[in-house]
Amino acid sequence: MTTLEQEPRSAERGEPLVVLEGVQKHFGALHALKDIDLTVTRGEVVVVIGPSGSGKSTLCRAINRLETIDAGKISLDGKDLPQEGKALAALRAEVGMVFQSFNLFAHKTILENVTLGPIKVRGLKKDEAEKKARELLDRVGVEHQADKYPAQLSGGQQQRVAIARALAMEPKVMLFDEPTSALDPEMIKEVLDVMVDLAKQGMTMVVVTHEMGFARTAADRVVFMADGAIVEEGTPEQFFTNPSSDRAKDFLGKILKH
């Protein structure tokens, strides 16, 4: 586990960017999200942690309507999330998403994977999109792999490409749903390093992860969920050294002993 202390973030605390109010979600009898209130401000890094089945991934996926909600409302940059159609597609272009599985197009090169969205959705010219894609691939350390196909890359490299692909759309916020859980241990650090750099550069991020070292060093705020509800939230320092709820104490007691 890393013990690096995060330097003070230069990004100004901005206005609210992602706002969830009274959000409810059921899967049949399972109450997956219970009255969730959460505000993420511009430039903030919020790390969501908690036991399996606590609703973390459902929360993340609800922010760009990959999961519909039953009640409450979610807004992005002051606008309520649209239900469907072109407005929803436009909204999704503002929200970058990185999943557990890399979801790259196997039959397209790395460069094509990164340029597809900007060309099709943003209307960029091919040469402009390629120039930008190469810059982003360089930023995440895989520029020399641009002409290869996903299967030729390691899992860590593929996940860094997935981050570059999301960044190519110039999103207002990046969502990460357990981005390292499918990776071999030695590849986890290379992906987390890219994410730490993004955080330092002021990208607004909501990160669902089991990586406590990342939560300690990169988060502005830790949100702890259990049984579909937000149990507590606070700075990493507060949460890891002095959690206020028995549920969080129990969780940390189990994971920090190993």
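Residues numbered from 1 in each chain as written. Predicted model: local features only at pLDDT ≥ 70, side-chain atom pairs only at ≥ 80, totals over all residues. Heavy atoms only, no water.

### Description of the packing of aromatic side chains
Next, step 1: In this structure the tally under the stated criterion is 3 aromatic pairs.
Next, step 2: Both rings, one in phenylalanine 224 and one in phenylalanine 239, keep their centres 5.8 Å apart while their planes meet at 35°; by these two values the pair is tilted. Of the two residues, phenylalanine 224 sits in strand S9 (residues 221-226) while phenylalanine 239 sits in helix H8 (residues 236-241), which places them 15 residues apart along the sequence. Residues phenylalanine 224 and phenylalanine 239 agree in their burial class; the two are buried.
Next, step 3: For the ring pair phenylalanine 239 and phenylalanine 240, a centre distance of 5.3 Å and an interplane angle of 85° mean the geometry is edge-to-face. Residues phenylalanine 239 and phenylalanine 240 agree in their burial class; the two are buried.
Next, step 4: Taken together, the aromatic side chains of Phe224, Phe239, Phe240 and Phe251 make up a single cluster linked through ring pairs. (Phe/Tyr/Trp six-rings, centres within 6.5 Å; stacked < 30°, edge-to-face > 60°. Helix = DSSP H or I, 4+ residues; strand = E, 2+ residues; numbered from the N terminus. Buried < 20%, exposed > 50% of the residue type's maximum accessible area, 1.4 Å probe, protein only.)

### Here we look at the nonpolar core
Next, step 1: Counting 51 residues, the largest nonpolar core has Ile163, Met174 and Met205 as its most contacted members.
Next, step 2: Looking at which element gives the most residues to this core, the answer is helix H6 (residues 185-200), with 9 residues.
Next, step 3: By size, the runner-up hydrophobic cluster in this structure holds 29 residues, among which are Ile36, Ile63, Met97 and Leu175. (Core = buried A, V, L, I, M, F, W, Y, C linked by side-chain atoms within 4.5 Å.)

### Some remarks on the UniProt feature "domain: ABC transporter" (unreviewed entry) in the protein
Next, step 1: Feature annotation in UniProt places "domain: ABC transporter" (unreviewed entry) on residues 18-252, given in this structure's numbering.
Next, step 2: Secondary structure content for residues 18-252 is 39% helix and 26% strand, while the C-alpha to C-alpha distance between its ends is 27 Å. (UniProt positions renumbered as here; feature names shortened; annotations may be inferred.)

### Notes on helix H2 (residues 85-94)
Next, step 1: Here H2 has its buried residues at Leu88, Leu91 and Ala93.
Next, step 2: Close packing links the buried residues of H2 with strand S4 (71-76) and strand S6 (95-98). (Contact = heavy atoms within 4.5 Å.)

### So, the sheet that holds strand S8 (residues 205-208)
Next, step 1: Within the open sheet, the 6 strands sit side by side as S6-S7-S8-S3-S9-S10. Their pairing is mixed. Each end of this open sheet is capped by a strand with a single partner; those strands are S6 and strand S10 (229-234). Averaged over all pairs of adjacent strands, the angle between their axes in this sheet comes to 20°, without regard to strand direction.
Next, step 2: By the bridge criterion, 4 bridges tie strand S3 (residues 45-49) to S8 in an arrangement that is parallel. Its bridge partner being in S8, valine 48 is matched across the sheet by valine 208. (Pairing = 2+ DSSP bridges. Axes fitted to C-alpha atoms, helices over the stretch in contact; angles between N-to-C directions.)

### Side note on the pairing of S9
Next, step 1: Of all 6 residues in S9, 6 are buried, a share of seventy percent or more.
Next, step 2: Burial of S9 is two-sided: the residues Arg221, Val223 and Met225 facing one way and the residues Val222, Phe224 and Ala226 facing the other way are all buried.
Next, step 3: As paired strands, S3 and S9 are joined by 4 bridges and run parallel to one another. Bridge pairing in S9 links isoleucine 49 to phenylalanine 224.
Next, step 4: Note that S9 and S10 share 5 bridges and pair antiparallel. From the neighbouring strand, phenylalanine 224 faces S10, where its bridge partner is glutamate 232.
Next, step 5: Hairpin connection from S9 to S10: 2 residues lie between these consecutive antiparallel strands, with aspartate 227 at a positive phi of about 55°.

### Points about the sheet that holds strand S1 (residues 16-27)
Next, step 1: The 4 strands are arranged S2-S1-S4-S5 in an open sheet whose pairing can be described as antiparallel. Strands at the two margins of the open sheet, each flanked by one partner only, are strand S2 (30-41) and strand S5 (79-80).
Next, step 2: Alignment of S1 against S2, held across 8 bridges, turns out to be antiparallel. Bridge pairing links valine 19 to threonine 39 in S2.

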